[in-house]
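Spelled out from the first residue to the last, the chains are:
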Amino acid sequence: MAFSLKKYQTATLDALKDYLEAARLKGPKPAFDEFDKIGVRAPRPYRPLEGIATVPYVCLRLPTGGGKTLLSAHTIKIAADAYLEREFPIALWLVPTNTIRAQTLETLKKPGNPNHEALRDAFDGRFRVFDIADFVQITPADLESRACIIVATMQTLRVDKTDGRKVYAHNENLEPHFSTVPQNAPGLERFEDGDKKGQIKFSFRNLLTLHRPLVVVDEAHNNTSMLSYEVLQRVNAACVVEFTATPADDSNVLHNVSATELKAEEMIKLPIRLTEHKSWEDAVRDSILTRQRLHEIASKDTSYIRPIVLFQAEEKGKEVTKEVLLKHLVDQDIPRDKIAVVTGDQKELDGINLFARDCAIDFVITVEALKEGWDCSFAYIFCSAASVNSKRDVEQILGRVLRMPYAEARTNAELNRAYAHVSRASWPNAVAQLHDRLVDMGFEDSEADAFIEKDQGHLDLPGGGNPLFDYAPPSTVLELEEDFTAFDLSTDERAAVTIERTEQGSRVIFTGDVSPETINRLASAARSASARATIVSEAKRHKAVWRSYAAPAQRGIRFQAPQLCFRFDGVLELAEREAFLDARGWDLLNYSAEIAEADFRLTDTGIQWEIDLSAAGKLTERAIGKAEQLDLDHVDTGWDEKRLIYWLVSKARQPDITQPVLLEFVRRAVASLFEKRALPLTALVRWRFILAKVLAQKIALYRERASNDRYQETLFGPEAAVETSLAYAFDFAPNGYPSRWSYEGHPYQFQKHFYGFVGELENKGEEYECAKAIDLTHKVKHWVRNLERRGFWLPLAHGRFYPDFVAELTDGRILAVEHKGKVYATNDDSKEKCLVGELWERESAGRALFLMTVEKKGAPSLFEQIGAKVGR
């Protein structure tokens with residue numbers, strides 16, 4: 001049973017694979033520092049693990065709801081092939097708490113669960129999952145013939161003194177694992193006194209040290225102490241991969257996923273509509289009404305959805321305890337069987353499937369017990385009757401209402417949002433508090449601003465006018481205890497700001513796009529620091545939400561860019577590498593399979609084997625010796641040439657190469673190593689993972705050559721039949737802008753961006769100046785900061801080209817702009833991009849324009865270059 005991954009999940013795993021393959025050859029630090037960390041803003045230099053600097057140590061950042069557990073399961077196979085070079089790795093999977101440990105074990109062991117199926121597919125069913133408490137059940141046969149995953153909490157291993165801890169203690173049941181280990185084996189703990197003084201302990205820690213596990217760390221931000229790093233040294237980790245929503249400042253963040261990406265791929269419900277109430281009773285009432293209205297909408301959905309409210313009560317001794325909240329709900333005529341109470345001593349959801357159609361539960365009351373080990377995407381409404389004491393409790397409970405049912409956007413937009421109801425008494429600064437919680441959950445600051453919709457009114461009964469479900473571009477109301485009525489607003493400012501006198505002071509209402517100058521003047525007019533802070537923070541959030549609503553993408557305006565196509569046998573095809581190869585054909589067997597010494601060289605020095613790898617014609621010298629080849633002495637002596645060939649074929653499978661062709665190519669390659677170079681089978685089996693990489697690299701090189709030839713023939717040859725067509729248009733969808741970080745709106749506020757925010761653009765530099773010139777061009781209707789690998793593209797011989805900006809002009813033409821610094825303006829890469837961009841324009845029948853801008857002394861300004869292209 002295969003479960004498909006979302007695009008951002010595939011991109012995350014691809015980044016990890018590419019890095020680990022590079023780290024295997026170059027070392028962890030050079031590989032990291034040279035890695036193209038897409039979406040990671042201001043990447044830091046690599047920080048090695050103290051004491052084990054040669055071990056790859058990277059972090060993958062995903063917000064809450066991104067599927068970190070599923071990606072962790074896939075990571076085990078990726079690390080095994082790309083770096084560990086083991087058929088059956090041992091993985092130590094570290095989680096922050098025992099509750100999450102139990103939940104993780106359940107998902108990894110349960111057939112049909114995506115996490116279990118990921119492991120089953122990766123290892124053809126040959127894997128075992130263990131609770132660390134059951135480590136004595138691991139046998140030598142398990143380690144030799146199955147991937148072994150041990151799930152543990154960091155606390156189990158993280159101790160100052162190892163005495164008395166089972167994982168560090170001698171255990172006779174583990175003796176079979178140590179029967180062939182020499183007494184002088186390094187790095188193992190030994191008895192310090194008694195009859196066995198100096199002898200190796202048969203401990204689980206020593207077992208891990210012998211086999212050097214992959215370590216997967218869930219919620220890695222909880223494990224930043226020196227003691228946590230000592231654990232990684234103790235177990236002799238071979239590779240460490242962290243997953244977290246909020247990395248530490250010095251984490252080696254390899255890949256970053258934003259909440260915007262999760263929303264674009266329909267993983268989470270956003271925005272969050274926040275309503276503040278005078279009392280907790282009002283918050284509860286409107287939560288019930290919100291659920292009732294959502295239930296009516298959900299009943300018309302094609303899939304079964306039963307919206308659920310999560311209530312957060314206060315602990316014992318406070319005003320709104322679980323008992324008080326339960327009685328209040330029952331008094332509101334909510335049947336008791338529709339309410340579940342889930343606390344430390346009351347677990348009314350145990351054994352209940354909330355997704356079942358016959359499940360009656362509509363309301364769940366908790367204090368903090370839902371913060372771990374509980375998940376139901378039917379949870380839509382968060383209602384807090386509690387004061388915000390533990391931000392972690394709020395984060396975890398709030399995170400439960402963000403997951404999208406079936407990871408698929410619903411037809412009715414109201415089912416794609418989450419809802420929060422709080423009382424002003426308990427949440428005195430609700431917007432700021434909710435904003436901070438979202439940031440703590442992995443949201444960018446600008447995302448948190450844009451994804452909170454503040455509702456000013458109260459809910460009427462369904463059937464009447466209901467402001468919550470008839471939402472216009474938002475206004476923001478500030479109740480201030482100062483008099484601002486004398487504040488002088490200009491005519492333009494009055495279009496976005498209204499000031500009213502109240503008994504307590506003033507009511508400031510933001511209704512439009514408030515300028516930074518107005519915000520600064522208002523803040524300067526405030527007497528108190530708290531009023532100034534409120535004005536600045538509320539205006540910042542209002543602007544983000546208002547821009548989101550006012551943006552063309554949210555107003556139903558369509559924006560499409562035609563793509564480059566070609567005709568083959570009268571059929572229009574999208575111009576991409578796979579299509580070039582399919583149309584013109586290529587045969588791997590037309591290329592030499594011989595593996596020369598420049599590709600793969602073994603020298604038996606009596607101590608180690610040395611391997612040199614050649615990549616893209618450049619020799620990379622990298623000695624990989626016994627100390628690094630972890631299972632060098634455990635080669636299966638039953639291997640023969642046929643088995644090696646079939647193993648290599650399994651590792652080198654390609655979607656565009658048939659099995660018979662690949663089998664013959666690999667057979668020829670192996671034959672060249674035996675017959676022409678007389679390399680021993682034992683050596684090839686030992687280094688089969690490296691050999692598989694060499695073969696994959698050779699095939700990729702041949703494909704690239706074939707693609708380059710077919711590219712030139714198809715697009716630029718004498719018989720080329722090329723056209724720029726909307727039949728294969730790239731659609732800038734309303735929710736399809738998966739930016740990983742956003743432009744901060746200073747010093748210039750963009751007015752024409754198609755989306756409510758500008759993605760992945762710094763607020764200085766040449767690209768910023770180019771964006772500003774586009775925004776100021778009169779003939780530009782709207783434009784997009786195009787995203788690398790996730791936006792509009794044009795084909796290149798060796799990949800894809802993503803222009804920096806795409807704009808629609810007022811006359812309907814599409815303009816693609818690529819900006820190049822003067823250093824790069826004349827290099828081969830820029831020339832190829834110019835060629836294909838000009839071809840795209842030439843074959844568009846006047847519907848498309850391509851411009852490569854350059855900023856250099858003596859050249860027209862960027863504004864003038866754009867103006868000359870589009871016509872003034």
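Residues numbered from 1 in each chain as written. Predicted model: local features only at pLDDT ≥ 70, side-chain atom pairs only at ≥ 80, totals over all residues. Heavy atoms only, no water.

### Comments concerning the overall build of the chain
Logical step 1: Secondary structure summary: the chain contains 27 helices and 29 strands in total.
Logical step 2: When contacts within the chain are restricted to residue pairs at least 6 apart in sequence, long-range pairs at least 24 apart make up 71% of them.
Logical step 3: Carbon and sulfur atoms make up 48% of the accessible area of the chain, which totals about 37,900 Å². (Helix = DSSP H or I, 4+ residues; strand = E, 2+ residues; numbered from the N terminus. Contact = heavy atoms within 4.5 Å. Areas by Shrake-Rupley, 256 points an atom, 1.4 Å probe, with all protein chains shown as cover.)

### Focus on the pattern of salt bridges
Logical step 1: Under the counting rule described, the total for this entry stands at 57 salt bridges.
Logical step 2: A cluster of three or more residues bridged by salt bridges with shared partners is formed by Arg273, Glu414, Arg417 and Glu453. (Salt bridge = Lys/Arg side-chain N within 4 Å of Asp/Glu carboxyl O.)

### Observations regarding helix α22 (residues 659-676)
Logical step 1: Compared with an ideal rise of 1.5 Å per residue, which puts 18 residues at 26 Å, α22 spans 25 Å between its outermost C-alpha atoms and is within 8% of the ideal.
Logical step 2: Among all positions of α22, only Leu662, Phe665, Val666, Ala669, Val670, Ala671, Ser672 and Leu673 are buried. (Expected span 1.5 Å × (residues − 1). Buried < 20%, exposed > 50% of the residue type's maximum accessible area, 1.4 Å probe, protein only.)

### Some thoughts on the nonpolar core
Logical step 1: Within the largest apolar cluster, 150 residues are counted, with the highest numbers of intra-cluster contacts made by Tyr19, Ile149, Phe204 and Phe443.
Logical step 2: When residues of this core are assigned to their parent elements, the largest contribution, nine residues, is made by helix α3 (residues 68-84).
Logical step 3: If near-sequence neighbours (up to four positions away) are discounted, isoleucine 149 is found in contact with Ile76, Ala91, Trp93, Leu108, Leu119, Phe127, Arg128, Val129 and Phe130.
Logical step 4: Counting residues in hydrophobic clusters, the runner-up holds 36 residues, among them Ala669, Leu679, Phe689 and Leu695. (Core = buried A, V, L, I, M, F, W, Y, C linked by side-chain atoms within 4.5 Å.)

### Considerations on the sheet that holds strand β6 (residues 239-244)
The strands making up a sheet associate through backbone hydrogen bonding, with each pair oriented either parallel or antiparallel.
Logical step 1: Taken in spatial order, the seven strands line up as β3-β4-β2-β5-β6-β1-β7 in an open sheet, and their pairing is parallel. In this open sheet, the two edge strands, each paired with only one partner strand, are β3 (127-131) and β7 (253-256). On average, each strand axis in the sheet is tilted by 20° relative to the strand beside it, whichever way the strands run.
Logical step 2: Bridge count for strand β5 (residues 214-218) against β6 is five bridges, and the pairing is parallel. Among the inter-strand pairings, valine 216 is bridged to a residue of β6, identified as valine 241. (Pairing = 2+ DSSP bridges. Axes fitted to C-alpha atoms, helices over the stretch in contact; angles between N-to-C directions.)

### A closer look at the environment of leucine 662
Logical step 1: Along the chain, leucine 662 falls in helix α22.
Logical step 2: The spacing of leucine 662 and isoleucine 699 is 37 residues in sequence and 9.5 Å in space, taken between C-alpha atoms.
Logical step 3: In this view, leucine 662 contacts Val649, Ala652, Arg653, Gln654, Ile657 and Ile699; residues no more than four positions away in its chain are not counted.

### Focus: the side chain of lysine 201
Logical step 1: Relative to the helices and strands, lysine 201 is located in the loop between α8 (175-178) and α9 (204-211).
Logical step 2: Buried charge without a salt bridge: lysine 201, with glutamate 189 as the nearest opposite-charge side chain at an N-O distance of 4.5 Å.
Logical step 3: Discounting residues that sit within four places of it in the chain, lysine 201 has contacts with Tyr168, His170, Phe178, Glu189, Arg190, Phe191 and Asn206. (Lys, Arg positive; Asp, Glu negative; His and termini not counted.)

### Points about the pairing of strand β17 (residues 497-501)
Logical step 1: Pairing between β17 and strand β18 (residues 506-510): five bridges, direction antiparallel. Bridging across to β18, threonine 498 finds its partner in isoleucine 509.
Logical step 2: Here β17 folds back onto β18, and the loop between the two strands holds four residues.

### Regarding helix α13 (residues 322-331)
Logical step 1: Taken together, the buried positions of α13 are Lys322, Leu325, Leu326, His328 and Leu329. On an axial view of α13, the arc spanned by its buried residues comes to 160°, and they lie on one face.
Logical step 2: Elements that come into contact with the buried residues of α13 comprise α12 (280-298), β9 (308-312), β10 (339-343), β11 (346-347) and β12 (363-366). (Arc of directions from axis to C-beta.)

### Digging into the environment of arginine 306
Logical step 1: Within the secondary structure, arginine 306 is located in the loop between α12 and β9.
Logical step 2: In this structure arginine 306 comes out as buried when scored by relative accessible area, which is 4%.
Logical step 3: Sequence spacing of arginine 306 and proline 405 is 99 residues, and the spatial spacing of their C-alpha atoms is 9.9 Å.
Logical step 4: Among all residues touching arginine 306, those that are not within four sequence positions of it are Leu354, Ala356, Cys359, Ile361, Asp362 and Phe378.
Logical step 5: From its side chain, arginine 306 meets the backbone oxygen of alanine 356 in a polar contact 3.4 Å long.
Logical step 6: Here the side chain of arginine 306 touches isoleucine 361 through a polar contact of 2.9 Å, landing on its backbone oxygen. (Polar contact = N/O pair within 3.5 Å; in protein donor to acceptor, adjacent residues only side chain to side chain.)

### Here's the deal with the packing of helix α25 (residues 766-776) against helix α27 (residues 862-870)
Logical step 1: At a closest axis distance of 9 Å, the pairing of α25 and α27 adopts a crossing angle of 45°. One way to sum up the angle between α25 and α27 is to call them oblique. For the pair α25 and α27, the crossing hand works out as right-handed. Every residue of α27 that contacts α25 at Glu766, Glu769, Cys770, Ala773, Ile774 and Leu776 is listed here: Leu862, Phe863 and Ile866.
Logical step 2: In terms of residue class, the contact of α25 with α27 is built from seven nonpolar, no polar and two charged. (Parallel < 35°, antiparallel > 145°, perpendicular 65-115°, else oblique. Left-handed = near helix turned anticlockwise from the far one by under 90°. Nonpolar A, V, L, I, M, F, W, Y, C, P; charged D, E, K, R; others polar.)

### Concerning the confidence of the model for the chain
Logical step 1: Of the residues in the chain, 89% have a pLDDT of 70 or more, and the chain-wide mean is 86.
Logical step 2: Here residues 457-471 is a poorly scored stretch, pLDDT under 50, and it has 36 contacts once near neighbours within four places are set aside; other chains count.
Logical step 3: In this model residues 605-611 is a low-confidence stretch, pLDDT under 50, and it forms 24 contacts with partners more than four residues away in sequence or in other chains. (pLDDT = per-residue confidence, 0-100.)

### Description of unusual backbone geometry
Peptide bonds are mostly trans, and most non-glycine residues show a negative phi.
Logical step 1: Here the amide bond leading from leucine 270 into proline 271 is cis, since omega sits at 0°, within 30 degrees of zero.
Logical step 2: Assignment of secondary structure puts proline 271 in the loop between α11 (259-264) and β8 (272-277).
Logical step 3: Here the phi dihedral of asparagine 236 falls at roughly 60°; this positive angle occurs in a residue that is not glycine.
Logical step 4: By secondary structure assignment, the location of asparagine 236 is in the loop between α10 (226-234) and β6.

### A word on the side chain of threonine 209
Logical step 1: Here threonine 209 shows up in helix α9.
Logical step 2: Classification of threonine 209 by relative accessible area gives buried; the value is 6%.
Logical step 3: Leave out the neighbours within four places in its chain, and threonine 209 touches Gly187, Leu188, Arg234, Val235 and Asn236.

### Let's talk about the packing of aromatic side chains
Two numbers describe a pair of aromatic rings. These are the distance of the centres and the angle of the planes.
Logical step 1: Counted under the stated rule, the structure contains 33 aromatic pairs.
Logical step 2: Aromatic side chains phenylalanine 311 and phenylalanine 363 sit 6.1 Å apart centroid to centroid with 20° between the ring planes, which places their arrangement in the stacked category. With phenylalanine 311 in strand β9 and phenylalanine 363 in strand β12, this residue pair connects regions lying 52 residues apart in the sequence.
Logical step 3: Given the relative accessible area of 0%, phenylalanine 311 is considered buried.
Logical step 4: Residue class for phenylalanine 363 comes out buried when judged on its relative accessible area of 3%.
Logical step 5: Between phenylalanine 378 and tyrosine 406 the ring centres are 6.3 Å apart and the planes differ by 70°, which places this aromatic pair in the edge-to-face class. Here phenylalanine 378 is found in the loop between β12 and β13 (379-384), whereas its partner tyrosine 406 is found in the loop between α14 (391-400) and β14 (418-423), with 28 residues between them in sequence. (Phe/Tyr/Trp six-rings, centres within 6.5 Å; stacked < 30°, edge-to-face > 60°.)

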